[in-house]
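Below are the chains, spelled out letter by letter.
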Amino acid sequence: MSAWNSDLVNAVYVVAILVFILGLKAMSSPETARRGIVFAGIAMLVAVAVTFFISGLSNFALIALGVIVGGGLGFYWARVVKMTAMPQMVAVFNGMGGGAAGAIAAVELLGSLAGGATTGLSLAGAVIGSTSIAGSVIAFLKLQGWMRSKPIVLPARQPINLGVLVVGVGFGVYAVASTTTVFLLPFFLLLLLYGVLLTLPIGGADMPVVISLFNALTGIAVALDGFALVNGPLGDAGYAMVIAGTLVGAAGSLLTILMARAMNRSIANVLFGAFGATEETGGPIAGQMKPIDAADVAVMMAYANEVIIVPGYGMAVAQAQQRVKELADLLEQKGVTVKFAIHPVAGRMPGHMNVLLAEAGISYDKLFDRDEINDEFPNADVALVIGANDVVNPAARRAGSPLQGMPILDVDKARNVVVIKRGQGKGFAGIENDLFYKDNTRMLYGDAQQEVGKLVQALKRS
Amino acid sequence: MAADLWTALLIAILAAFTGYEVIGRVPVLLHTPLMSGSNFIHGIVLVGAIVALGFSTTDLERAIGLVAVIMGAMNVTGGYVVTERILAMFDRSKQRKGGAP
């Protein structure tokens, strides 16, 4: 195309890409983050709108239908979902992107199987896109609790997975070599199966890393589709996809590495380790869990000098952050120093706790990273653990434990530990927690919101 | 390989470094919104989906193209709203903090 509309489309894509980069940059600092996403949103809107001006485009009614249905569904779903379900929503919408990349590759491959390098790139885009959507859907099902979150381990899964991948790709290559489109069907089916098999053995606690990885993969699939489109008559859209996709692929890969590092694990270990699949046998646990009453905990905290609150997923599920804020305020009125210890992977995603506590209006300067606060625990009179489990499990210090080497919060070093917990069950990793059996630990059983509410009431009375 | 592909490859290399640099030293606090935000940005796949559907000629292509557009559009709107909702929380807390004496 070589008319005025071609220049318009190109110019808009160039500006959109620039804004994407600046937006991503803005999103890596708390002060500018919100501005970043708003600008990127406007750029996206304009980029999509201008795409309709590409000459030679047809099927407008279908395109409009797809944009309205998909856009409406995504908008509505993302609006109504609870904040605690955000991690799985990221997984879903990322999966949709991967699916779209796979479907685009399918359309290109159906159009022509004799495009040389272009066809190869479409195949690669299809492989990664299909893996990404299938894997993301499994990640969603596990986080949503619609599927067992514990690793599901098939015997000989490594050779089986590899076999599925190789045979799947083989069908794709054969489809191209023989220019027979019918072989594309087993190609796509086997790759979807590969995405499922790859994600099944991964436990729920590792899902954030996996979602981040699939996010990076979707970016790469989008870039590969872009490469394939560049060679067609519609190069402009292709370049925009190459840049945005690669940007996300690189940024997402780095983010994945950072997340895995926060848990002291390698990506390979997350993907292939089937972490937490086997029950630990060696852990000798002495003593028993000792329950305590909310009123006693309130007294204990009211006369403390320093209280460290350790929030976890239980707080998020119970939506207890507002109550926690009240509790912290009341304690401070009584002259107690209150600090929050945030483990990098507390909750289901890095930063999950920071977001919830920020929502409740607790100021940033009371939130401390693991490295900043770990030396403080021996000075704390009370460590109040609210629905956190694996991130405070001292088993991480013991050789042979599946958690070995994972950086934890040294909660057990506090003079008194109170754990608010719904029942006697294990954490997300499915490993027994030694902390609960320690002499200085007391268990406050119940829903985090109710129990913290009781603490607030008791403190008001005293 | 056509000249366009070489150009695209060069562009991709530069984009990869840009993505790496931009994320550079990001605080843990922002990992989640950033993952969500980059999830939104690969929603640009919608543009490719529109092009793929727009140039489809057979019914099968159109059907798959429509699926691509629907999924791409979900990626865009869902990714945006999720990121916006997460980041809105930071904003509000900042206002409260600033408003307190």
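Just so it is clear, the structure is predicted and the values come from calculations on it, not from any experiment.

Calculation rules
Residues numbered from 1 in each chain as written. Chains lettered and ligands numbered in written order. Predicted model: local features only at pLDDT ≥ 70, side-chain atom pairs only at ≥ 80, totals over all residues. Heavy atoms only, no water. Patch = residues over 30% accessible without salt bridge, like charges linked within 9 Å, V, L, I, M, F, W, Y side chains within 5 Å. Areas by Shrake-Rupley, 256 points an atom, 1.4 Å probe, with all protein chains shown as cover. Salt bridge = Lys/Arg side-chain N within 4 Å of Asp/Glu carboxyl O. Helix = DSSP H or I, 4+ residues; strand = E, 2+ residues; numbered from the N terminus. Phe/Tyr/Trp six-rings, centres within 6.5 Å; stacked < 30°, edge-to-face > 60°. Buried < 20%, exposed > 50% of the residue type's maximum accessible area, 1.4 Å probe, protein only. Lys NZ or Arg CZ within 6 Å of the ring centre and 35° of its normal. Pairing = 2+ DSSP bridges. Expected span 1.5 Å × (residues − 1). Core = buried A, V, L, I, M, F, W, Y, C linked by side-chain atoms within 4.5 Å. Contact = heavy atoms within 4.5 Å. Axes fitted to C-alpha atoms, helices over the stretch in contact; angles between N-to-C directions. Buried area = accessible area lost by both parts, 1.4 Å probe. Polar contact = N/O pair within 3.5 Å; in protein donor to acceptor, adjacent residues only side chain to side chain.

*Asks:* Explain a nonpolar patch on the surface to me, and be specific about the residues and the numbers.
*Replies:* Together, B:W6, B:L9, B:L10, B:I13 and B:F17 line one region of the surface with nonpolar side chains, adding up to about 550 Å² of accessible area. With respect to the element layout, B:F17 can be found in helix α1 (residues 3–23).

*Asks:* Could you give an account of the packing of aromatic side chains, with specific residues and numbers?
*Replies:* Working definition: an aromatic ring pair is given by the centre-to-centre distance plus the angle between the planes. All names here are of chain A. Summed over all chains, the structure comprises eight aromatic pairs over all chains. A ring pair is formed by F52 and F60, whose centres lie 6.3 Å apart and whose planes are at 25°; its orientation type is stacked. Take F52: its relative accessible area is 29%, and that puts it in the partly exposed class. Classification of F60 as partly exposed rests on a relative accessible area of 40%. Pairing F140 with W146 gives two aromatic rings, centres 5.5 Å apart and planes at 90°, and the pair type is edge-to-face. Look at W146 and you get exposed, because its relative accessible area is 61%. Sitting over the ring of F368, K339 keeps its end group 5.5 Å from the ring centre.

*Asks:* Describe the pairing of strand β1 (residues 306–311) of chain A, and please don't skip the residues or the numbers.
*Replies:* All names here are of chain A. Most of β1 sits inside the fold, with six of its six residues counted as buried. Here β1 shows a buried face lined by E306, I308 and V310 and a second buried face lined by V307, I309 and P311. Where β1 and strand β2 (residues 337–342) come together, four bridges link them in parallel fashion. Within the sheet, the bridge partner assigned to I308 lies in β2 and is K339.

*Asks:* How would you sum up helix α5 (residues 117–144) of chain A? Please name residues and give values.
*Replies:* All names here are of chain A. Between the first and last C-alpha of α5 there are 40 Å, a value that for 28 residues agrees with the 40 Å anticipated at 1.5 Å per step. Among the 28 residues in α5, 22 count as buried, and that is most of the element. Immediately beyond the C-terminal end of α5, within one or two residues, lies G145, with a positive phi of roughly 85°.

*Asks:* Provide a residue-level description of the nonpolar core, including the pertinent values.
*Replies:* Residues and elements named next belong to chain A. Counting residues in hydrophobic clusters, the biggest one holds 151 residues, and the most contacted among them are L327, F340 and L455. Apart from residues no more than four positions distant in its own chain, L455 is found in contact with A294, V297, A298, M301, L327, L384, I420 and L444. In this structure, V345, A396, V417 and F436 belong to the second largest nonpolar core, which totals 28 residues.

*Asks:* Let's hear about the sheet that holds strand β5 (residues 416–421) of chain A: which residues, and what values?
*Replies:* Residues and elements named next belong to chain A. As summarised here, the arrangement of the six strands in space is β3-β2-β1-β4-β5-β6, forming an open sheet in which the pairing is parallel. Lying at the two open borders of the sheet, with one neighbouring strand each, are β3 (367–369) and β6 (441–445). When strand polarity is set aside, the average angle formed by the axes of neighbouring strands in this sheet is 25°. Against the sheet, helix α13 (residues 321–333) makes contact with β1, β2 and β4 (382–386), and its axis sits at roughly 145° relative to β2, the strand it touches most.

*Asks:* Please set out the interface of chain A and chain B residue by residue, giving values where relevant.
*Replies:* For interface size, the figure often reported is the accessible area lost on association. If you look at the interface, chain A gives 106 residues, while chain B gives 83 residues. Both faces considered, chain A and chain B share a buried interface measuring about 8600 Å² in area, 79% of it formed by carbon and sulfur atoms. Among the residues chain A hides against chain B, the three largest losses belong to A:R34, A:M44 and A:Y364. Together they make up 8% of the total. The interface formed by chain A and chain B contains one salt bridge. For A:R34, the salt bridge goes to B:E84, with nearest N and O atoms at 2.9 Å. Viewed at the interface, chain B and chain A are joined by 17 residue pairs in polar contact (both at pLDDT 80 or more). Counting residues per element, the ones that place at least two in the side of chain A that touches chain B are α1 (4–26), α2 (33–51), α3 (60–80), α4 (86–111), α5, α8 (207–230), α9 (235–262) and α14 (352–360) of chain A. Broken down by element, the residue count for the side of chain A that touches chain B peaks at 17 residues, all from α4(A).

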